[in-house]
2 protein chains.
Amino acid sequence: MSGNTPPAPPRPGTRRPGGRTARTRAAVRDAVLTGLVEYGYPGLTIEYVAEHSGVHKTTLYRRWGDLEGLVADALVLAGEDGWTPPDTGSLEGDLRSLAREVVQSFTDPAMGAPGSAIIAAAFQSERAADALRAYYAERFTRCEAIVERAVSRGELPAPADGIDAGALVRAVSAPIFFRLFITREPIDTLLADQAAAATLAAARAGVFTREGTPSS
Amino acid sequence: MSGNTPPAPPRPGTRRPGGRTARTRAAVRDAVLTGLVEYGYPGLTIEYVAEHSGVHKTTLYRRWGDLEGLVADALVLAGEDGWTPPDTGSLEGDLRSLAREVVQSFTDPAMGAPGSAIIAAAFQSERAADALRAYYAERFTRCEAIVERAVSRGELPAPADGIDAGALVRAVSAPIFFRLFITREPIDTLLADQAAAATLAAARAGVFTREGTPSS
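Worth saying up front: this structure is predicted, and the values here are computed from it rather than measured.

Quick notes on unusual backbone geometry
Now for step 1: Unusually for a residue other than glycine, Arg184(A) sits at a positive phi of about 60°.
Now for step 2: Here Arg184(A) lies in the loop between helix H8 (165-181) and helix H9 (189-204).

Overview of the domain arrangement of chain A
Residue and element names in this part refer to chain A.
Now for step 1: Annotation of chain A at the domain level lists domain 1 (20-78) and domain 2 (91-204).
Now for step 2: For domain 1 versus domain 2, the separation of C-alpha centres amounts to 27 Å.
Now for step 3: Summed over both partners, the interface of domain 1 with domain 2 buries about 1,200 Å², with 77% contributed by carbon and sulfur atoms.
Now for step 4: Taken together, domain 1 and domain 2 are joined by 1 salt bridge.
Now for step 5: Across the pair Asp66 and Arg127 runs a salt bridge whose closest N-O atoms are separated by 3.5 Å.
Now for step 6: The interface formed by domain 1 and domain 2 contains 3 residue pairs in polar contact (both at pLDDT 80 or more).
Now for step 7: Of all the elements in the fold, those that place two or more residues in the side of domain 1 that touches domain 2 are helix H1 (20-43) and helix H4 (67-78).

Thoughts on the layout of surface pockets
Now for step 1: One number sums up the size of the second largest pocket: a volume of about 460 Å³.
Now for step 2: Lining of the second largest pocket is provided by 24 residues; of these, Ser116(A), Arg184(A), Ala122(B), Phe123(B) and Gln124(B) occupy positions nearest its centre.
Now for step 3: Listed by contribution, the elements that provide at least two residues to the lining of the second largest pocket are H1, helix H6 (109-121) and H8 of chain A together with helix H7 (126-152) of chain B.
Now for step 4: Per-element accounting of the lining of the second largest pocket gives the leading share, 6 residues, to H1(A).

Considerations on the interface of chain B and chain A
Now for step 1: Residue-level contacts link 43 residues of chain B with 43 residues of chain A.
Now for step 2: For chain B, the biggest contributors to the area lost against chain A are Phe123(B), Ile182(B) and Arg184(B); these three give 20% of the whole.
Now for step 3: Our enumeration of links across chain B and chain A arrives at 2 salt bridges.
Now for step 4: One salt bridge connects Arg170(A) with Glu185(B), and the closest N-O pair in it is separated by 2.7 Å.
Now for step 5: At the surface where chain B touches chain A, the tally comes to 5 residue pairs in polar contact (both at pLDDT 80 or more).

Some remarks on the environment of Ala78(B)
Now for step 1: You can see Ala78(B) is positioned in helix H4 (residues 67-78).
Now for step 2: Each C-alpha atom of the pair Ala78(B) and Glu101(B) lies 17 Å from the other, and the pair is 23 residues apart in sequence.

Focus on empty space enclosed by the protein
Now for step 1: Tallying each qualifying case throughout the model produces 2 cavities of 30 Å³ or more.
Now for step 2: Considering only enclosed or pocket space, the largest cavity measures out at about 190 Å³ in volume.
Now for step 3: Around the largest cavity, the lining comprises 18 residues; the ones closest to its centre are Ala171(A), Ala171(B), Pro175(B), Ala198(B) and Thr199(B).
Now for step 4: Mapped by element, the contributors of at least two residues to the lining of the largest cavity are H8 and H9 of chain A together with helix H8 (165-181) and helix H9 (189-204) of chain B.
Now for step 5: Of the residues forming the lining of the largest cavity, the biggest block, 6 residues, is contributed by H9(B).

Focus on the packing of helix H1 (residues 20-43) of chain B against H4(B)
Residue and element names in this part refer to chain B.
Now for step 1: Between H1 and H4, whose axes approach to 9 Å, the crossing angle comes to 115°. In terms of their interaxial angle, H1 and H4 are classed as roughly perpendicular. Considering the relative orientation of H1 and H4, their crossing is left-handed. Listed contacts from H4 to Arg25, Ala26, Val28, Arg29, Val32, Leu33, Leu36 and Tyr41 of H1 are Leu67, Glu68, Leu70, Val71, Asp73, Ala74, Val76 and Leu77.
Now for step 2: Of the residues contributing to the contact of H1 with H4, the split by class is 12 nonpolar, no polar and 4 charged.

Thoughts on helix H3 (residues 57-64) of chain A
Residue and element names in this part refer to chain A.
Now for step 1: Within the sequence span of H3, burial applies to Thr59, Leu60 and Trp64. All buried residues of H3 project into a common sector of 100° when viewed along the axis, lining one side.
Now for step 2: The inward-facing, buried residues of H3 contact H1, helix H2 (46-53) and H4.
Now for step 3: A positive phi of about 80° marks Gly65, the residue just after H3.

Overview of the pattern of salt bridges
Residue and element names in this part refer to chain A.
Now for step 1: Under the counting rule described, the total for this entry stands at 34 salt bridges over all chains.
Now for step 2: A salt bridge links Arg139 to Asp81; the shortest N-O distance between them is 2.7 Å. Here the residue Arg139 occupies a position in helix H7 (residues 126-152), and Asp81 occupies one in the loop between H4 and helix H5 (91-107), the gap between them amounting to 58 residues.
Now for step 3: Take Arg139: its relative accessible area is 0%, and that puts it in the buried class.
Now for step 4: Its relative accessible area of 25% is what places Asp81 among the partly exposed residues.

Description of the relation of the copies chain B and chain A
Now for step 1: After a rotation of 180° and a shift along the axis of 0.0 Å, chain B superposes on chain A with an RMSD of 0.0 Å. Overall, the copies show the geometry of a two-fold rotation axis.
Now for step 2: Most of the interface of chain B is mirrored in chain A: 100% of its interface residues are interface residues there too.

Observations concerning the packing of H8(A) against H8(B)
Now for step 1: Direction vectors running N to C along H8(A) and H8(B) enclose 105°, while the axes themselves pass 8 Å from each other. On the basis of their axis angle, the class for H8(A) and H8(B) is roughly perpendicular. The residues of H8(B) that touch H8(A), namely those facing Ala167(A), Arg170(A), Ser173(A), Ala174(A), Pro175(A), Phe177(A), Phe178(A) and Arg179(A), are Ala167(B), Arg170(B), Ser173(B), Ala174(B), Pro175(B), Phe177(B), Phe178(B) and Arg179(B).
Now for step 2: Grouping the amino acids of the contact of H8(A) with H8(B) by side-chain chemistry returns 10 nonpolar, 2 polar and 4 charged.

How each quantity is defined
Residues numbered from 1 in each chain as written. Chains lettered and ligands numbered in written order. Predicted model: local features only at pLDDT ≥ 70, side-chain atom pairs only at ≥ 80, totals over all residues. Heavy atoms only, no water. Helix = DSSP H or I, 4+ residues; strand = E, 2+ residues; numbered from the N terminus. Domains from an automatic or database assignment. Buried area = accessible area lost by both parts, 1.4 Å probe. Salt bridge = Lys/Arg side-chain N within 4 Å of Asp/Glu carboxyl O. Polar contact = N/O pair within 3.5 Å; in protein donor to acceptor, adjacent residues only side chain to side chain. 1 Å grid on protein atoms, 1.4 Å probe; cavity = no way out; pocket = protein on both sides within 12 Å on 5 of 7 lines; lining within 4 Å. Points joined across faces, edges and corners; volume = space filled by probe spheres on them. Contact = heavy atoms within 4.5 Å. Axes fitted to C-alpha atoms, helices over the stretch in contact; angles between N-to-C directions. Parallel < 35°, antiparallel > 145°, perpendicular 65-115°, else oblique. Left-handed = near helix turned anticlockwise from the far one by under 90°. Nonpolar A, V, L, I, M, F, W, Y, C, P; charged D, E, K, R; others polar. Buried < 20%, exposed > 50% of the residue type's maximum accessible area, 1.4 Å probe, protein only. Arc of directions from axis to C-beta. Least-squares fit on C-alpha atoms with pLDDT ≥ 70 in both.

Now the structure itself:
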């Protein structure tokens with residue numbers, strides 16, 4: 001899965017790793033995501049998840065508590081993958097690759113729809129919002145490796161007060177998500193490359209420091 | 001109202017401009033926004049709008065068609081204001097002022113809640129999404145005056161192929177909306193200033209051109 005997209009269910013027939021408990025959890029996650037895509041959070045029901053996962057309602061209630069718990073766990077499970085950020089050998093290449101990955105993941109309906117559905121659910125469920133916050137926080141912590149490598153290669157100055165690596169890696173994705181979910185405009189590879197180039201220019205200008213922003 | 005926030009209803013007791021038709025439309029708009037904030041789009045009903053606007057249900061159906069029409073018209077009405085982007089005398093000042101305006105508008109619950117509710121509604125209603133797209137497109141067209149003034153002052157190079165002013169002014173808001181509605185993280189004035197500084201650095205580096213992105 002992508003570094004910035006909550007996960008799509010695997011294609012039918014995909015073999016699942018892990019034992020019975022892991023398989024049950026994954027089946028429930030897939031049913032939750034499929035239901036969110038089809039009906040949205042307001043239309044998702046425990047009955048739907050039970051029917052589409054093959055897991056009995058009483059088991060769902062016992063293990064996940066309620067719908068909010070089911071949606072939150074789908075995101076927790078999404079965070080337990082082995083995704084690592086791109087490592088192309090240059091900051092420019094890494095940022096561009098990361099931005100393109102976001103565009104591609106939301107351009108592919110099978111990958112993008114579950115992510116969009118969870119972002120939508122966060123507007124209606126505080127627990128989904130909390131889970132989304134935790135998911136992205138952990139995701140962007142992984143992305144900070146891009147900045148660490150750039151500093152170690154000497155591509156970025158390492159100021160005494162430190163680089164705000166979290167802000168830097170978020171800056172690459174923000175223009176893409178902004179058009180997808182706020183201004184509702186199309187996205188493409190040119191936008192990804194522009195977002196990467198803008199972030200690179202800002203990073204080189206020393207904008208992403210922990211103490212705030214430099215004056216011009 | 002803010003340049004990037006769909007509108008809040010006026011405080012109770014505010015006198016409305018215009019004739020009876022304009023007052024009816026504004027009362028309906030206020031009821032729609034209040035209902036969206038309170039119940040979300042899935043919970044909004046024509047009955048609620050009728051009760052809170054004092055406009056009869058049959059009138060609502062006749063003039064707005066349905067709930068989607070009511071939500072869309074709230075955004076059309078929001079776009080009919082006299083808002084103009086900041087004009088501080090410098091590109092840096094304008095971008096910072098614009099970014100701070102976005103942060104302030106969403107930090108004030110009375111202003112931010114209706115905007116958030118409409119952004120949420122766009123996930124569930126295609127017509128709300130279309131109206132939001134049109135609202136922001138027109139809003140950011142107004143913001144392009146910031147870039148035109150900067151070019152005329154000689155603050156930005158005017159390349160032969162033109163500056164992508166739309167991308168430039170969107171870049172200032174994107175990191176703020178990204179944290180508000182995607183990563184669900186806090187926003188503050190430091191973030192606004194950082195977003196403005198990043199956009200300024202990218203603009204100076206020539207990233208926002210119409211033909212895509214320059215190579216480094």
